[in-house]
Structure formats: structure tokens, C-alpha cells
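Remarks on the overall topology
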Amino acid sequence: MVGAENVLVDDAARLARATGLSYLDLLRRRSAGADFPVPDAVVLPAGPDEVQEVLDVCVTHDVGVVPFGGGTSVVGGVAALRGDKSSVIALDLVRLDALVSVDAESRIAVLQAGVRGPEAERLLGEHGLTLGHIPQSFERATIGGFAATRSAGQASSGYGRFEDMVTGVRLATPRGEWKLGVAPASAAGPDLRQLAIGSEGTLGVITEVSLRVRPAPPVRRYEGYALPGWEAGREAVRDLAQHHALADVTRLSDVDETEVSLALNAGLKTTALRRYLAARGVSHPCFLIVGWEGTAHDVALRRRETTRRLKASGAVRVGKALGESWRHGRFAGPRQRDALLDQGVCVETLETAAYWSNVDELRDDVRAALTASLGRAIVMCHISHAYETGASLYFTVLTARDETDPVGQWQRAKAAACEAITGLGTISHHHAVGVDHAPYLEAEIGSLGVEVLRAAKSTVDPSGILNPGKLV
């Protein structure tokens, strides 16, 4: 059906699609004899029709199917679980790599699900267009993965979250093909596109996504500011959000993350910068990165309003060097994590979001939960995305690895953090649910909500072959 060369059963191919990129995934990959589920085969279909044909065969033989894009999940979303199935395949969409069409008049492009972030930008760039979706997973993650997990790019204040960009979606399901999206807006019942987006491979395999695109920006301007402490910084970001003055990228680091940034950033003249800030009343700075993209006129106009409000909030301009340093190094985190793992460090991230009235309490509670569980640890936090009504909080944790029980060490800390989040914020702002967050989903959407999701899955996947053990 797909060609013998596109059914892989060697150990290397199977292991490469067995997990995502969480701290625990990396630990297991590094540990000789570690026990984790591995797919029985890897299948690489060439297009939407072949994906559907593969699903039809898997239904007939009751084979589990784990859709696999860039493999960047950090919540167990691509773990090769088999549930009650005797066998499971990883369905790698790497060959679904085409720009299907561009409607320049409507500014809609259709991309196949296996197109990775950089390739999507290259293909669209040939038409003078951009998607503008740049999460930290950008280098490896795929269009289908962005849609399946409701991804949020670093410039989402300007371009929108990924679900805001989706105008249509094509899925292969165990019941047949499903296409959604025919108009820019519709009152024809609930928007089922939003059921498919974020379904994490449990309701169908996304094969094509129709997306709103924009002209590629001729100007990009990134710069940095410092604010006197977390409260002042948070209030400055809230002020920007509620006065529609956010930059496309608006990212506020707390004091601890700022200190680490100062320690690691060789391009900043740290001593001189500290003196400069102290002279202006900022002794414990929180760095704020702001970035605008667009035409020269548009960038200048929007920057003027943003910087005016920042100045009124007590922000001190640090300059373009800080902003450009962040922009050019923003994909370095995963590589830095590998280096830290080599040195015996437990390093992981988690994220959430809450309304403005809960943001401080949520930050304090998560930090306290992590510290109580881990003991001596560095817990850093930043606002990664801001909205009129609230913001996301992104935590990075560093502590000495417990070599006797490294897996349990992080599992206990993550569970404590999730318990602290529950009731104050969402269990995931953009990392999705996967396996790790599934136990906390009911507290957020209610038992009836879980039943609705299960009913939808029962309809499109009655034998339960799609991504066993994920979401619900």
C-alpha cells in the first residue's frame, strides 16, 4: 500500500518514534535497559489517501495508530502506548510535506500535515507570505502537530494562536475522511474545526490544514526593557494587553529568570548594565522582551504606543541588543537542556495560564509546590503570552538529579505542580494534554465534558485504535 521501503521495522526507526522530548523521555533514552513502549513498526504514507488506506487496514486488524509529526511533545502525546491493542504502529507523516495551494486573494494557504515549521515558512516565503507561527519547537514541529495540540507561537499576540489561523482541516478517521471549514465564519452549529484542533490524534489523523497567512514582514524590531520587580512587570504587561498595545512578542521574565539570563548572556555587559539599571531605581530587574513585525510604518506606529505605555509603567529601556540576543537564541533551550543533562541536572519546563486576578497566586503556588517537592532548586518563570483577560506562565526548573530515582523525582514534582494549578488555571496553555495531564482534565472540563469527548471518539473511532491512552 505505501511501498515496502516505507514500512520500517528496524530498532533504530522504531526507537526514534517511541517518545517525545520531555525530560523523562530523554532520561529513558539515555538509560541502558530502560523500559518504555516502542511501536512495532513505523509506516510512512505519502498523502492523505494513503493515510486513510492505512487506517482502514488498522481498523480491520485492530492495530493501534500513533500519529507522529516532529516528535516534540513534552507531555507523552506521541508515546507508543497500545492500550488494549496487541500491536501498534507509529504513523509518521514526514512524507506529507507539500504546500497544496495558495489563495493569495483570500490569504489562505493549504499545507500538508508533515511540513515542518522552517519549511512552511520557506514555501510560503516564495509567495511573499508568512504564517508567523514560531513556537520554541519550530525547528522540528509540524503543521499537523501545531493543529493537533492547539499550539501557541512566541508572536501569538500579533499573529494569533494556531487555532486562530486555521480556516479548514482535513482528517483521516477510522470511519472515513472528514473535512471541515468552508467559509471565514459560520453559524451552522458549533464549530467542529475546534473539536478537531486540539484532538491530539485521538479523533483522526490530520492530513491537511488550511491556514490564514499574511504578507511576509519587511521589518522586524526586537528590544528589551527592565522593570523593577515582578509585580511592576506583570502590571505593565496587563496594561499593554488591556489597552491593545501588546507587541507581537511580549515576554516578561521574573527576577530569577532574569538573573540566569544575565549570567548566561555573554553579549551583555552585565556589570555596566546593573549599574545603569540601579541608577534608575531598578535593583532587582525583570527583563521584558518586546518585538514587532510588519511594514516600517506599522512597526513604528505600534512601537510608539507600546513604548509610551511602558515608560509610564516605570520600564527602563535596555536596548536592541537584549531583544536581538533573545530572538537569535530562542531555539537554544533544547540544546542547553542536553548539556545540562550531561552534567547531572534535572531540567524541565511546565506551563499554565490564568486570569489576571489569579496570576500571582498561581505563580506563587506552583513555585512553592516545586520547591517543597525538589528541595534546593532554581524555579524560573516568565509570562510567555498575554491576553486582555489573563496570561500564561511558563516555568523552568533546575535541580540536582536524584540518581537513585530520577524518574520519580520529577514525577512527584510535576504532580505537585499540577495539583497547585488545578482550580487556579488551566492544566495546559500550549503543551496539550497527552498522557501527563490527562488525570487533571476532568477537574477543568467536568465529568460531562469528558463524556462529550469520549462520545465524539466513540463516533469517529469506535474500536479505539487512534493514539491509545491520550487525552481521555
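Here, every reference points to the structure presented above.
This report concerns the structure included in the present document. (Residues numbered from 1 in each chain as written. Predicted model: local features only at pLDDT ≥ 70, side-chain atom pairs only at ≥ 80, totals over all residues. Heavy atoms only, no water.)

Quick notes on unusual backbone geometry
Across the chain, the bulk of peptide bonds are trans and the bulk of non-glycine residues have phi less than zero. At Asp 62, a position not held by glycine, the phi torsion is positive, near 55 degrees. Of note, Asp 62 is situated in the loop between helix 3 (48-61) and strand 3 (64-68). The phi dihedral of Asn 467 falls on the positive side, at around 40 degrees, and the residue is not glycine. Tracing the sequence through the fold places Asn 467 in the segment after helix 17 (441-460). On the accessibility criterion, Asn 467 (2% relative accessible area) is buried. (Helix = DSSP H or I, 4+ residues; strand = E, 2+ residues; numbered from the N terminus. Buried < 20%, exposed > 50% of the residue type's maximum accessible area, 1.4 Å probe, protein only.)

Examining the layout of surface pockets
If you add up the space inside the second largest pocket, you get close to 730 Å³. Taken together, 31 residues line the second largest pocket, and the ones lying closest to its centre are Arg 150, Arg 161, Thr 426, Ser 428 and Glu 444. Contributions of two or more residues to the lining of the second largest pocket are made by helix 8 (193-196), strand 16 (345-355), strand 18 (390-400) and helix 17. Looking at the lining of the second largest pocket, the element that brings in the most residues is helix 17, giving 4 residues. In terms of residue class, the lining of the second largest pocket is made up of 15 nonpolar, 11 polar and 5 charged. Residue assignment places the lining of the second largest pocket across two domains, with domain 2 (99-215) and domain 4 (333-421) each supplying three or more. (1 Å grid on protein atoms, 1.4 Å probe; cavity = no way out; pocket = protein on both sides within 12 Å on 5 of 7 lines; lining within 4 Å. Points joined across faces, edges and corners; volume = space filled by probe spheres on them. Nonpolar A, V, L, I, M, F, W, Y, C, P; charged D, E, K, R; others polar. Domains from an automatic or database assignment.)

With respect to the sheet that holds strand 6 (residues 108-112)
One open sheet holds the 5 strands; their spatial order is 5-6-10-8-9, and the pairing between them is antiparallel. Strand pairing shows two members of the sheet lacking a second neighbour, strand 5 (99-103) and strand 9 (176-180), which therefore form its edges. Strand-to-strand twist of the sheet, defined as the mean angle between neighbouring strand axes without regard to direction, takes the value 10 degrees. Bridge count between strand 5 and strand 6: 4 bridges; the pairing is antiparallel. Bridging from a neighbouring strand, Val 102 pairs with Ala 109 of strand 6. Against the sheet, helix 4 (residues 117-125) makes contact with strand 5 and strand 6, and its axis sits at roughly 140 degrees relative to strand 6, the strand it touches most. (Pairing = 2+ DSSP bridges. Axes fitted to C-alpha atoms, helices over the stretch in contact; angles between N-to-C directions. Contact = heavy atoms within 4.5 Å.)

Some points on the pattern of salt bridges
Under the counting rule described, the total for this entry stands at 39 salt bridges. Here Arg 30 makes a salt bridge to Asp 342, at a shortest N to O gap of 2.9 Å. Note that Arg 30 is positioned in helix 2 (residues 23-30) and Asp 342 in helix 14 (residues 333-342), a separation of 312 residues in sequence. Through salt bridges with shared partners, a single network forms among Asp 49, Arg 170, Glu 177, Lys 179 and Glu 208. (Salt bridge = Lys/Arg side-chain N within 4 Å of Asp/Glu carboxyl O.)

Re helix 15 (residues 356-374)
Helix length check: helix 15 (19 residues) gives 28 Å between terminal C-alpha atoms against 27 Å at 1.5 Å per residue, within 8%. Lining the buried residues of helix 15 we find helix 9 (230-242), strand 16, strand 17 (378-386), strand 18 and helix 16 (406-421). Where helix 15 terminates, the next one or two residues include Gly 375, which has phi positive at roughly 80 degrees. (Expected span 1.5 Å × (residues − 1).)

Thoughts on the side chain of Asp 25
Checked against the element boundaries, Asp 25 lands in helix 2. In this structure Asp 25 is buried but unpaired, with Arg 28 as the nearest side chain of opposite charge at 4.1 Å. Looking at Asp 25, its side chain comes within polar contact range of the main-chain nitrogen of Gly 20, at 3.1 Å. Of note is the side chain of Asp 25, whose polar atom sits 3.3 Å from the backbone nitrogen of Leu 21. (Lys, Arg positive; Asp, Glu negative; His and termini not counted. Polar contact = N/O pair within 3.5 Å; in protein donor to acceptor, adjacent residues only side chain to side chain.)

Notes on the packing of aromatic side chains
On inspection of all chains with the given rule, the structure shows 3 aromatic pairs. Each ring, one from Phe 138 and one from Phe 331, has its centre 5.6 Å from the other, and the planes form 20 degrees; the classification is stacked. Here Phe 138 is found in the loop between strand 7 (129-130) and helix 5 (143-148), whereas its partner Phe 331 is found in the loop between helix 13 (320-329) and helix 14, with 193 residues between them in sequence. This pair shows no difference in class: Phe 138 is buried, exactly as Phe 331 is. For the pair Phe 146 and Phe 162, a centre-to-centre distance of 5.5 Å together with 55 degrees between the ring planes defines the contact as tilted. With Phe 146 in helix 5 and Phe 162 in helix 7 (residues 162-165), this pair connects stretches of sequence that are 16 residues apart. In this structure, Phe 146 and Phe 162 share a single accessibility class: buried. (Phe/Tyr/Trp six-rings, centres within 6.5 Å; stacked < 30°, edge-to-face > 60°.)

Describing the pairing of strand 17
For strand 17, a buried count of 8 out of 9 residues is recorded, marking the element as mostly surrounded by other parts of the structure. Across 2 bridges, the pairing between strand 13 (residues 249-253) and strand 17 is antiparallel. Opposite Ser 253, over in strand 17, you have His 382 as the bridge partner. In this structure, strand 17 lies alongside strand 18, joined through 7 bridges in antiparallel fashion. Paired with Ile 378 across the strands is Leu 398, a residue of strand 18. In sequence, strand 17 turns back onto strand 18 through a hairpin of 3 residues.

Some remarks on the environment of Gly 76
Tracing the backbone shows Gly 76 in the loop between strand 3 and strand 4 (88-92). Residue Gly 76 is classed as buried on the basis of its relative accessible area, which comes to 13%. Sequence-distant contacts of Gly 76, that is, excluding residues within four places in its chain, are made with Gly 434, Val 435, Asp 436 and Lys 470.

Geometric values such as these leave the question of function open.
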